[in-house]
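Here's the letter readout for the chains.
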Amino acid sequence: MAELFYDDDADLSVIQQKKVAVIGYGSQGHAHSLNLRDSGVDVTVGLREGSASRAKAEDQGLKVASVADAVRDADVVVILAPDQVQRLVYADEIAPNLKEGAALVFGHGFNIRFGYIKPEAGHDVFMVAPKGPGHLVRREYADGRGVPVLVAVEQDASGHAWETALSYAKAIGGLRAAGIKTTFTEETETDLFGEQSVLCGGASQLVQYGFETLTEAGYQPEIAYFEVLHELKLIVDLMVEGGIAKQRWSVSDTAEYGDYVSGPRVIDPHVKDNMKAVLEDIQNGKFAERFIADQDAGAPEFKELRAKGEQHPIEATGRELRKMFAWIKPTDTDYTEGSV
Ligand code: NAD
Ligand code: MG
Ligand code: MG
Ligand code: MG
Ligand code: MG
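Residues numbered from 1 in each chain as written. Chains lettered and ligands numbered in written order. Predicted model: local features only at pLDDT ≥ 70, side-chain atom pairs only at ≥ 80, totals over all residues.

(A) Focus on the overall build of the protein chain. Along the backbone of the protein chain there are 18 helices and nine strands. Taken against the 2.2 N^0.38 rule, which gives 20 Å for 340 residues, the C-alpha radius of gyration of the protein chain at 22 Å falls within 12% of a compact globule. Here the C-alpha coordinates of the protein chain stretch approximately 65 × 45 × 45 Å along the principal axes. In the protein chain, which comprises 340 residues, the share counted as buried stands at 32%. For the protein chain, the proportion of contacts with a sequence separation of at least 24, taken over those separated by at least 6, is 67%. (Helix = DSSP H or I, 4+ residues; strand = E, 2+ residues; numbered from the N terminus. Rg over C-alpha atoms; globule rule 2.2 N^0.38 Å. Buried ≥ 20, exposed ≤ 12 C-beta atoms within 10 Å, placed from the backbone. Contact = placed C-beta atoms within 7 Å.)

(B) Structural view of the pairing of strand 7 (residues 125-130). Of all the six residues making up strand 7, six are buried; the element is thus mostly covered by neighbouring parts of the structure. Of the two faces of strand 7, the one holding Val125, Met127 and Ala129 and the one holding Phe126, Val128 and Pro130 are both buried throughout. Across three bridges, the pairing between strand 6 (residues 103-106) and strand 7 is parallel. Looking at the pairing, Phe106 lines up with Met127 of strand 7. (Pairing = 2+ DSSP bridges.)

(C) Examining unusual backbone geometry more closely. Even without glycine at this site, Ala299 takes up a positive phi of about 60°. Along the chain, Ala299 falls in the loop between helix 16 (286-296) and helix 17 (300-310). Given 14 C-beta atoms within 10 Å, Ala299 falls into the partly exposed group.

(D) Seen up close, the domain arrangement of the protein chain. Annotation of the protein chain at the domain level lists domain 1 (4-182) and domain 2 (192-322). Summarising the inter-unit geometry, the C-alpha centres of domain 1 and domain 2 are found 31 Å apart. (Domains from an automatic or database assignment.)

(E) How the structure looks around helix 14 (residues 253-266). In this model, helix 14 (14 residues) spans 19 Å end to end at C-alpha, consistent with the 20 Å of a helix rising 1.5 Å per residue. A small share of helix 14 lies buried, amounting to zero of its 14 residues. (Expected span 1.5 Å × (residues − 1).)

(F) Here's a closer look at the sheet that holds strand 4 (residues 63-66). Spatially, the nine strands line up as an open sheet ordered 1-9-8-7-6-5-2-3-4, and their pairing is mixed. Two strands close off the open sheet at either side, each with one partner strand: strand 1 (4-5) and strand 4. Alignment of strand 7 against strand 8 (residues 149-155), held across six bridges, turns out to be antiparallel. Bridging from a neighbouring strand, Val128 pairs with Val151 of strand 8.

(G) Representation of the UniProt feature "binding site: NADP(+)" (unreviewed entry) in the protein chain in the model. What UniProt calls "binding site: NADP(+)" (unreviewed entry) maps, in this numbering, to Tyr25, Gly26, Ser27, Gln28, Arg48, Ser51, Ser53 and Gly134. Of note, Gly26 is situated in the loop between strand 2 (19-23) and helix 2 (27-38). The exposure class of Gly26 is partly exposed, given the 14 C-beta atoms found within 10 Å. (UniProt positions renumbered as here; feature names shortened; annotations may be inferred.)

(H) Layout of the site of ligand 1. Surrounding ligand 1, one finds 24 residues, the nearest of these being Gly24, Gly26, Gln28, Gly107 and His108. Taken together, the elements giving at least two residues each to the shell around ligand 1 come down to helix 2, helix 5 (83-94) and strand 7. Its residues placed into classes, the shell around ligand 1 shows twelve nonpolar, ten polar and two charged. (Near = placed C-beta within 6 Å. Nonpolar A, V, L, I, M, F, W, Y, C, P; charged D, E, K, R; others polar.)

(I) Local environment of the environment of Val147. If you trace the backbone, Val147 turns up in the loop between helix 7 (134-142) and strand 8. We classify Val147 as buried; it has 22 C-beta atoms within 10 Å. Taking the C-alpha atoms as reference points, Val147 and Gly179, separated by 32 residues in sequence, lie 9.2 Å from one another. In contact with Val147, other than residues within four places in its own chain, are Pro130, Lys131, Gly132, Leu136, Val137, Glu140, Gly174 and Ala177.

(J) Geometry of the nonpolar core. Counting 59 residues, the largest nonpolar core has Ile23, Val77, Val105 and Val128 as the members making the most contacts within it. Residues in contact with Val105, not counting those within four places in the same chain, are Val76, Val77, Val78, Ile79, Phe126, Met127, Val128 and Tyr168. Core analysis: the next-biggest nonpolar cluster, separate from the first, contains five residues, Phe211, Ala224, Val228 and Ile314 among them. (Core = buried A, V, L, I, M, F, W, Y, C linked by C-beta atoms within 7 Å.)

(K) Layout of the packing of helix 10 (residues 184-199) against helix 15 (residues 269-283). Direction vectors running N to C along helix 10 and helix 15 enclose 140°, while the axes themselves pass 10 Å from each other. Of the possible angle classes, the one that applies to helix 10 and helix 15 is oblique. Judged by the sense of rotation from one axis to the other, the crossing of helix 10 with helix 15 is right-handed. Across the interface between the two elements, Glu189, Leu192, Phe193, Gln196 and Ser197 from helix 10 touch Met275, Val278, Leu279, Ile282 and Gln283 from helix 15. Residue composition of the contact of helix 10 with helix 15, by class: six nonpolar, three polar and one charged. (Axes fitted to C-alpha atoms, helices over the stretch in contact; angles between N-to-C directions. Parallel < 35°, antiparallel > 145°, perpendicular 65-115°, else oblique. Left-handed = near helix turned anticlockwise from the far one by under 90°.)

Printed below as a string of structure tokens:
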């Protein structure tokens, strides 16, 4: 059984006595910064010169500084820049300015697991990784709740890394839900596997194939959209509330029987073999290498794939249909439809 932590297991005053620099003000960065601030923690957001996020952070009443200045002052440095730039920011602006004994915090273990960042021995290195998108991390906190977090300590130089990590997790609201103890390796490998095989990669491909199959058979794209994309949320909500069993309980017996007989025809044992191959490429570092090499070259593969995905006919159908749904309110304000 996993080791769990709740609010009572952490002392908020530990992080309240430290100066925290949050590097990056994107999905996770804005949520961590605002939640820390509202928990009475001294936070400075560290941003690049000319960063588009500067105005946003300042509008929220946060202190903003250059990355170097924020780091110079900080006892705790939280690295929430995109994974592919973290090692560059670390080498250029964080490491040269890091105070002796300052702690390093990550929201995902990628750069430590794959060796792109190798902190010196004198620093605590820990992770507090919310199991949800940043916008939800902020919204839940503001509503008095929290998103569960994974907590790990990679390097305990001070002998107090766990206390600091749990205090930090409490300050962003994570321990209102629960903290789950893990390692950088376990978090990184399972996170990449989950998003690639099931949550992002698997689900996107499943929806696209479903849409293609129906429209190629002559059914109306609007009907296909509802069947394979829109209703997915209702099904997933039931799973989150009560597992696959609750989903099956809620749907008709016809749907439940179809689930049993056709699910394994569509997602057959080959899919599991493919998943194992994907996991292997995560574990052996091939995925990380391919991602970073592409990013370093200006992301040609990434941009091409993104544009190709945006051109799939399901996106045009969805854009038109969603105009009719006054009740679907985007939870973030940064995303513009068709912006690729
Ligand atoms: P993001 O892309 O939303 O935002 C990154 C921010 O970093 C930008 O908004 C910008 O303010 C800043 N930035 C970009 N380039 C920079 C540079 N060169 N120097 C300094 N700052 C720079 O990133 P994100 O999705 O919040 O991811 C941050 C970390 O959190 C990653 O490690 C990611 O894996 C992890 N994480 C993200 C989520 C999520 O909900 N998106 C969930 C769990 C963990
Ligand atoms: Mg993104
Ligand atoms: Mg991830
Ligand atoms: Mg139906
Ligand atoms: Mg039923």
